[in-house]
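Spelled out from the first residue to the last, the chains are:
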Amino acid sequence: MDFLKQNNTKVECRNQITIRIASMSVYLLGFFFAMFLCNCVHLLLRPISQPRIIAESIVGLLLSNLEFVRSRFLNDSEVQQTLNYIVDAIMVCHMFVVGLEIDPNIFLQLTLPEAKVAYSGVLTTFVLACLITPLLNISKQSNPVFSSCLAIVLAGTDSPLLTRLITDLKIGKSDIGRFIVEAGIHSDVVSILLIAIGFLIFDPDKNFQNRSVKMMVEMMAILVFQTLLASKVVPSVMKWVNNENPEGKPMKGSHLVVALAFVILICSMSPIVGYTKVLNAFLVGLFMPREGRISKMMIGKVNYIFRTIFYPLFFFWVGTEAKLSEFEAGKIATWGRIIVPFIIATSGKVVGSVVSGLMLGLHWPESVATGLLLNIKGHFQVYLAINAYRMNIISMSTSLALVFVTFLTIIYTPVVVAKIIERARRRSPMQKMALQCVNPVNELRILLCIRSPQDVFSAINFMEISRGPVNPGIMVYLTDMIDLTDKIAATLITQGDGVDAVTVTDPTVIEMRDTITKDVNAYLNDDCQGVNLQRMMVLSTINNMHQDISILAEDLLVHLVILPFHKIQEEDGRLQVVNTGFRHINRKVLRNAPCSVGILVDRGLGKTVIARSSISLNAAVIFIGGKDDREALVYAGRVARHPGVKLTVIRFLLEAAGDSVSSRIGKAKASTSEQLEEMKIDDECFAEFYDKHVAGGRVAYVEKYLVNSGQTFSTLRSLEGQYGLFIVGRGGRVNSVLTVGMSDWEECPELGPIGDILSASDFSVTASVLIIQQHSLKGELDGLHDEFSIM
């Protein structure tokens, strides 16, 4: 019998284990299905620019309220309890990272305009909420302390969500975007701190009764102690770990465990005496150091995991706690608890922002937009609303109403941002990031792209001849174009957000970058006054690299992007294609770049030793007319200043004498008012260049009178062997008679007709060509760059 009982026990254990494994498999499949639905809903909402949090909330609430899901899974108390533990852990980590991302010195910035706008919005909303919310009977028992807590929640801002939305909607680099983000941080900090202080004094588990003096003293003592540990002791531990684990090397597991264990130890102190672990995590993160590898890793990893996994699970938990079937949609009071708090929060923020904005001299439309965006609520406010129901302070219907208020503060965000951009476009000075628009007192900013060490010497010589006067000089962002293959992707180490937080550990890439750095440093150490250089990296797939280059150029406010030609010169002098993907990159950058673009065809420029005491390079700029040729002429003016370059400007003019058919056709085609105006601009630009450089004898000048494109071609061919560098415009010419028909046999249209002829394999093996295209205001932003200013 005993033997049979033991066998039955073993069988039952196996069955239970099998059931648990099957249940876990179902949970995992369900979770991945929910993630798939979130992505689908997000794609559907993308045309109206709704953020991902809306898709997550829709999927989470609907799935958790399906009868099938509730009956099969959520009725199990163990499942619900496990879900509660997971969400509590999520919020602890979330609030810790929120505090960690905030600089504690924010308390020393109370006089800044951002702080004044934030605090005025908080104060106005708090006063309105304290006066009106008691009339709504939101809590089950009338309690002024709860009304004050609700007022603080309505007055707060979810700064991480606000920052993410501002960045995703492309106004993060503008003055108003940066202003709103900073104000949001101030608003978030003050509201959470007020809630933290309120929890210290009042006990929400006992209908917000005052805590005993002994309890308050114990909580205060442990909070002060852990704050001192976080601000004084933790930095020493983090510094030791960071010194032992420098950037670019794998983190030692033991050091990582020690650092994380120390942080967890500090975070676990206050909950021992009954203080909430969520607010405690925020306070610990707030006073911990943000610098160093450990802090960046925690911020980056936690934020990534939350965005991809835990936030959808969070809203699933919201739906399990607050059933949609008990929403009481048929009662007017329920809708009043949605509309009135939303109006209170929105009007309070707007009124406070407008009043403080007027005192600070801000435009009232931007003040209104600031108030609307500072009204954004997020995960922390939703968590508080659900916990108020769990503690039996408010009803389930009221809890859901407050959750819906949170969603209402997010939904209108894209509309507000669209109005900001629309207003900025109307007031934007339509700035052109082009060489012709560079103020002589400002430095020229160049984004110089290279693919490999083979391009580095041509890049160095390009910098050398582009130096211009020492004051103001040039700022060069030397950018390595790295194709993100699967092999390289497997070696990436991410610490935080953005490209700057990505470290490439692939040995080939490291060796390539080190070689480039060594050669460039050797050049810079050789008396390069006026040349300021900063190393950059574009790490992307071939299909997306043009976007990263354009974004980088936009962020750095450069005037000129220089791209290497997609062909390289072989030993026999001919140009051979290495990777056709780079040709597509060049074409796309030409279409989308926020500044002027140049393509450098290197056929010996990198092998030339450019002296500073004698002529070592003969260069020619060909000027026919049009905006691109004017841009090339302006750049040639910088080259003309170099003592080692002998520059010749060759102007192609349409033959005016005689009564030939081609001459009469040329005159007729140049007769429109637009073309005459363009030719007038050409003459003015060339006259200015002539007075500056040619009249003094520094630059040689040659005129070529031509009647058709055939003569243009033959004249270009006659220049073979005379010059080591040609500088030409890509297109945009009004004298089309001199180039008409050339596009019919272009091998590389991205070079333009003149550049294509000069870069042809049968033209020369020693003449490099720089083709320049002037920045056009036509583009996605319609003349508005990211760093616009309208406040």
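Calculation criteria
Throughout this document, residue positions are counted from 1 along each chain, in the order its sequence is written. Restriction of local features to residues with pLDDT of at least 70 applies here, the model being predicted, together with a cutoff of 80 or more for giving and counting side-chain atom pairs; totals for whole chains, interfaces and linings are based on all residues. Each side-chain value is derived from all of the structure's non-hydrogen atoms; neither hydrogens nor water enter the calculation. Put simply, a salt bridge is a Lys or Arg side-chain nitrogen that is within 4 Å of an Asp or Glu carboxyl oxygen. Relative accessibility decides the category of a residue: with a 1.4 Å probe and only protein chains considered, values under 20% of the type maximum give buried, values over 50% give exposed, and everything between is partly exposed. Secondary structure elements follow DSSP: runs of H or I of four or more residues count as helices, runs of E of two or more count as strands, with numbering from the N terminus. Patches here: salt-bridge-free residues with over 30% relative accessible area, like charges joined within 9 Å, nonpolar side chains (Val, Leu, Ile, Met, Phe, Trp, Tyr) joined within 5 Å. With residues, only the protein chains shown are counted as cover, and all accessible areas are computed by Shrake-Rupley using a 1.4 Å probe. The pairing test for Phe, Tyr and Trp rings, Trp by its six-membered ring, is centres within 6.5 Å, and the orientation test on the planes gives stacked under 30 degrees, edge-to-face over 60, and tilted for anything in between. Look at NZ for Lys and CZ for Arg. If either is within 6 Å of the ring centre and within 35 degrees of the ring normal, a charge sits over the ring.

## Quick notes on the pattern of salt bridges
Move 1: Applying the stated criterion across every chain, the model contains 15 salt bridges.
Move 2: Here arginine 445 makes a salt bridge to glutamate 443, at a shortest N to O gap of 3.6 Å.
Move 3: The class of arginine 445 is partly exposed, set by a relative accessible area of 21%.
Move 4: Arginine 535 is paired through a salt bridge with aspartate 480; the nearest N and O atoms lie 2.2 Å apart. Of this pair, arginine 535 sits in strand E7 (residues 531-540) while aspartate 480 sits in strand E4 (residues 474-483), placing them 55 residues apart in sequence.
Move 5: According to the relative accessible area criterion, arginine 535 is partly exposed, its value standing at 23%.

## Brief notes about a nonpolar patch on the surface
Move 1: Together, Leu123, Val127, Leu131 and Ile132 make up a nonpolar patch on the protein surface, roughly 360 Å² of accessible area in all.
Move 2: We classify isoleucine 132 as partly exposed; its relative accessible area is 31%.

## Digging into the packing of aromatic side chains
Move 1: Using the criterion set out here, one finds 14 aromatic pairs in the structure.
Move 2: Seen from their ring centres, phenylalanine 686 and tyrosine 701 are 5.3 Å apart, and the 50 degrees between their planes marks the pair as tilted. Of this pair, phenylalanine 686 sits in helix H25 (residues 673-694) while tyrosine 701 sits in strand E14 (residues 700-706); the two residues are 15 residues apart in sequence, bridging distant segments of the chain.
Move 3: Using a relative accessible area of 4% as the deciding quantity, one classes phenylalanine 686 as buried.
Move 4: Among the aromatic residues, those joined into a ring-pair cluster are Phe623, Phe686, Phe689, Tyr690 and Tyr701.
Move 5: Here the guanidinium or amino end of arginine 211 rests over the ring plane of phenylalanine 199, the centre of that ring lying 4.7 Å away.

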